[in-house]
Structure formats: structure tokens, C-alpha cells
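Summary of the model geometry
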Amino acid sequence: MHTDTLQPEILGQIAAAASPEALEAVRVAAMGKSGSVTALLKTLGGMTPEQRQTEGPKLNGLREAVAAALAARKAELEAAALNARLAAERQDMTLPVAAPRTGTIHPVSQVMDELAEIFADMGFSVATGPEIEDDWHNFSALNIPESHPARAMHDTFYFPQQPGDEKRMLLRTHTSPVQIRTMMTQAPPIRIIAPGRVYRSDSDATHTPMFHQIEGLVIDRGTTLAQLRWTLETFIKAFFEVDDVALRFRPSYFPFTEPSVEVDVGYSSQTNRPAGAGEVDRWLEVLGSGMVHPRVIAACGLDPEEYQGFAFGTGVDRLAMLKYGMTDLRAFFDADLRWLKHHGFSAFDVPTLSGGVSGGLGA
Ligand code: PHE
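Definitions and cut-offs
- Residues numbered from 1 in each chain as written.
- Predicted model: local features only at pLDDT ≥ 70, side-chain atom pairs only at ≥ 80, totals over all residues.
- Heavy atoms only, no water.
- Domains from an automatic or database assignment.
- Buried < 20%, exposed > 50% of the residue type's maximum accessible area, 1.4 Å probe, protein only.
- Helix = DSSP H or I, 4+ residues; strand = E, 2+ residues; numbered from the N terminus.
- Arc of directions from axis to C-beta.
- Contact = heavy atoms within 4.5 Å.
- Polar contact = N/O pair within 3.5 Å; in protein donor to acceptor, adjacent residues only side chain to side chain.
- Pairing = 2+ DSSP bridges.
- Core = buried A, V, L, I, M, F, W, Y, C linked by side-chain atoms within 4.5 Å.
- Patch = residues over 30% accessible without salt bridge, like charges linked within 9 Å, V, L, I, M, F, W, Y side chains within 5 Å.
- Areas by Shrake-Rupley, 256 points an atom, 1.4 Å probe, with all protein chains shown as cover.
- Salt bridge = Lys/Arg side-chain N within 4 Å of Asp/Glu carboxyl O.
- Axes fitted to C-alpha atoms, helices over the stretch in contact; angles between N-to-C directions.
- Parallel < 35°, antiparallel > 145°, perpendicular 65-115°, else oblique.
- Left-handed = near helix turned anticlockwise from the far one by under 90°.
- Nonpolar A, V, L, I, M, F, W, Y, C, P; charged D, E, K, R; others polar.

So, about the domain arrangement of the protein. Interface size is commonly expressed as the accessible surface area that is lost when the partners come together. Assigned domains within the protein: domain 1 (3-88) and domain 2 (107-343). Each of domain 1 and domain 2 was reduced to a C-alpha centroid, and the two centroids are 82 Å apart.

Set out below in C-alpha cells:
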């Protein structure tokens, strides 16, 4: 067949090729080993020099035109295929993630999130304070003077004191200094919780040198012990996800509260969970609390005649152990992957009151 008729024919076939496979078939039929264009090119060898001079450029032009048309059509078909895929494939970003779980939320973080959620619903905001404190905020302002035995009881980590230092610096032994910092910077009414790390020189199965507490503070006019009781009862029911809970208020002593009460939660050894009065056969101490001492209110520049308040403090790690059944506190800080996988929580189960604060319960 001659160049002049072959070229439009092949270009027509290329334009008509509707798929990469069809296009490949056209290419093989024209440019393959026994293709029509290849066959024509082979005839150059048998031509006279004069013929070759006129036919050579024509045949090369044919080959180039076909090659260019093939490349252009190939690009077109690929672009069309990509567009079709983009139009057809959909990614629903609202679907739950099915990816393998590689990291988990530590039980301490989980419990802190749960507590923040529970107290936010009661109108509490989250306050923070420094872990490196001075002895005024950690002790003196909380009605624990220099010579007070409670200072020794706290097994405090002190920083070396330089001559001329005004304040003695230490690692806070409890979250109570956040009470002071809050009262000194916010005007009542105050409703805060303060979760965070605290430090004491102590170590065994139930004590680690660093552990976590959560402090609660309410300051307002006419605050009462009954409000403290209601708040703690509501919090404990929500936290342990039980409808009824028996609480025992035991008189206690903290320098910064008067009266002071330690709170025990009634437990059923049947269900191993907090329970109502009828089912209780065990008591577990969960927190310290009381009415804020008038001297503490005065130390923060507020008038104790006008403002009263209650405060409570509890160990977050201990709450986690009670709720999720861990036995050795030291395991919390060992960074053992097997423990973390077993006791950790999915990052996708965010605690909410409506969904149950602990989500998948151990997930
Ligand atoms: N700060 C006390 C402790 O560490 C707990 C507490 C807080 C008690 C607030 C009463 C009021 O043991």
C-alpha cells in the first residue's frame, strides 16, 4: 500500500482506538515487526538512489507522524482513565478508621480526660500550675507553716537552696497549690479542677516518686458541705458508671480544710465495682476533701466572711487502678508495650457523657 493512503488510514485507526489495548493493536499492526509501516520502510533497501531520495523522506515522515499520533493518543487515553477513576472512587472521611492500632491512650490520660468531661458538665474548668513550686504555694499558703509536721509527712523533693534565695523551691507534693494560684488570679465564683503530676520521695507497689492527682476547688458565697457531698457523689457515679453509690464520710485532718473529710466508696466484692448501700461489703478510701480553711481563703486575699468553699483531691492513678483493675502502680510508668497494649485505650474512643465516659471499656 502506498504512503499517501496508508497514513490517513493509520491515523484514523489511532483516533478511533478507545482503549490502551485497542491502541496497542494499532501500533503493532503499523510499527510492529511485520507491521505495514515497517514493511514499507524495508522496501527502501531495494530502491535505486533516485527513488530513495524521494521515497525516503516520505516514509520517514509517515513513521514520525504515526509515532507522534500514537504517543498523543496514549496520553489522551491515560488522562481519560485517570479522570474516570477520580470521578468513580470516593473516600468517605466519616467512616470509622480500620487501620491497625499501633498506639494507645495511657490509662492515666484516659482517666484525666474522663474526669475533665464529667466536671465540665458540672461547670468546672481545668486549671494548671507549675510542677516546680515554691514552699509558700505548696505549704505556707495552705496553712502548713514551717515547723508543721505535715511538711515532713510529704517526703518532699527540695531543690538545693542557694544563699540569698528568697523562696525554697521544690517539686510540688500535691495539686493543692493550684488552689492558691487560682484564688489569687481569679475572682469568685470559682469552679476548677486541676489534674497533674505530683512528686514524693516514696516507692513501692502502691507508691511511685511521681504520680498524678486531681484537685477540685469551689469558692462562692454560701458554699456548704452538702454541696461538696453532692458534687463528689455525682462525680463518683459518673466515673464508675454506676446508678447508685454508697459514700462514707470520715472525719479527717488536712491543714487547709476545716472540717476535713476522707471519703470511702462502698464496694461490692460480687461485682468488684462501687455499689449502693444494700450490696456494699467493702470500703475503699478514694479521696481527701473538706471546707477550705478560712486562713487559706484569707492568705489569697479574699474575705473568708464573704466567701466559703470546698476542695477535694484524689489520686488519678489510684482511680484508674480501681476502675480498670490494675494491681501494680509501678507498671504505669514502666513503658512496657505489652502492658500498654493491654490496658491502653483507643484514641478514637473519646470520653463523652452521652457515649459513656470510658467508651469501649478497655477497648
Ligand atoms: N492535697 C491533699 C493530699 O495530697 C488532698 C486534699 C486536697 C485534701 C484538697 C483536702 C482538700 O493528700
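Looking now at helix 3 (residues 36-43). Listing the buried residues of helix 3 in full gives Val37, Thr38 and Leu40. Projected down its long axis, helix 3 carries its buried residues within an arc of 160 degrees, all on one side. For helix 3, the elements touching its buried residues are helix 1 (3-16), helix 2 (20-31) and helix 4 (49-88).

Turning our eyes to something else, we now look at the side chain of Arg73. Mapped onto the elements of the fold, Arg73 is located in helix 4. With relative accessibility at 16%, the residue Arg73 sits in the buried group. Looking at Arg73, its side chain comes within polar contact range of the main-chain oxygen of Ile14, at 3.5 Å.

Turning to its location among the elements, Met326 is positioned in the loop between helix 11 (316-324) and helix 12 (337-343). Excluding residues that lie within four positions of it along the chain, Met326 makes contacts with Pro107, Ala320, Met321, Phe332, Trp339 and His343.

A separate point is the side chain of Asp135. Following the sequence through the fold, Asp135 ends up in helix 6 (residues 135-138). In this structure Asp135 touches Ser140, Arg151, Arg168 and Leu170, once residues within four positions along its chain are discounted.

In this section: the pairing of strand 6 (residues 247-254). The pairing of strand 6 with strand 7 (residues 257-268) spans seven bridges and is antiparallel. Along strand 7, the bridge assignment pairs Leu247 with Val265. Connecting strand 6 to the next strand, strand 7, in antiparallel fashion are two residues.

Before going further, it helps to examine the nonpolar core. With 43 residues, the main nonpolar core has Val111, Leu115, Phe235, Ile236, Phe239, Phe240 and Phe332 as its most contacted residues. The contact partners of Leu115, leaving out residues within four places of it in the chain, are Ile193, Ile214, Phe235, Phe239, Val316 and Leu319. Listed in part, the 23 residues of the second largest apolar core include Ile192, Ile297, Leu302 and Ala311.

Taken together, the side chains of Ile132, Phe159 and Met169 define a hydrophobic patch exposed on the protein surface, amounting to about 240 Å² of accessible area. Mapped onto the fold, Phe159 is located in the loop between helix 7 (149-153) and strand 3 (169-171).

This part covers the packing of helix 1 against helix 3. The angle between the axes and the distance between the axes are what describe a pair of packed helices. Contact geometry for helix 1 and helix 3: axes closest at 11 Å, N-to-C directions at 155 degrees. Between helix 1 and helix 3, the angle is such that the two are roughly antiparallel. Remark: the crossing between helix 1 and helix 3 carries left-handed chirality. Facing helix 1, whose interface residues are Thr3, Leu6 and Ile10, helix 3 presents Ser36, Val37 and Leu40. For the contact of helix 1 with helix 3, the class distribution of residues is four nonpolar, two polar and no charged.

Moving on, we get to the packing of helix 2 against helix 3. Running from N to C, helix 2 and helix 3 cross one another at 15 degrees; their axes reach a closest spacing of 3 Å. The angle between helix 2 and helix 3 places the two elements in the roughly parallel class. Each of Ala29, Ala30 and Met31 in helix 2 lies in contact with helix 3, whose residues at this interface are Ser36, Val37 and Thr38. Of the residues that constitute the contact of helix 2 with helix 3, the class distribution is four nonpolar, two polar and no charged.

This part covers unusual backbone geometry. With omega at 0 degrees, the peptide bond leading from Pro188 into Pro189 counts as cis. Inspection of the secondary structure puts Pro189 in the loop between helix 8 (177-185) and strand 4 (190-199). Looking along the chain, the bond that leaves Glu258 and enters Pro259 is cis, with omega of -5 degrees. If you trace the backbone, Pro259 turns up in strand 7. The phi dihedral of Asn143 is positive, around 65 degrees, even though this residue is not glycine. Looking at where Asn143 falls in the secondary structure, it is placed in the loop between helix 6 and helix 7. Positive phi, normally seen in glycine, also occurs at Glu241, with a value near 55 degrees. Secondary-structure assignment places Glu241 in the loop between helix 9 (225-240) and strand 6.

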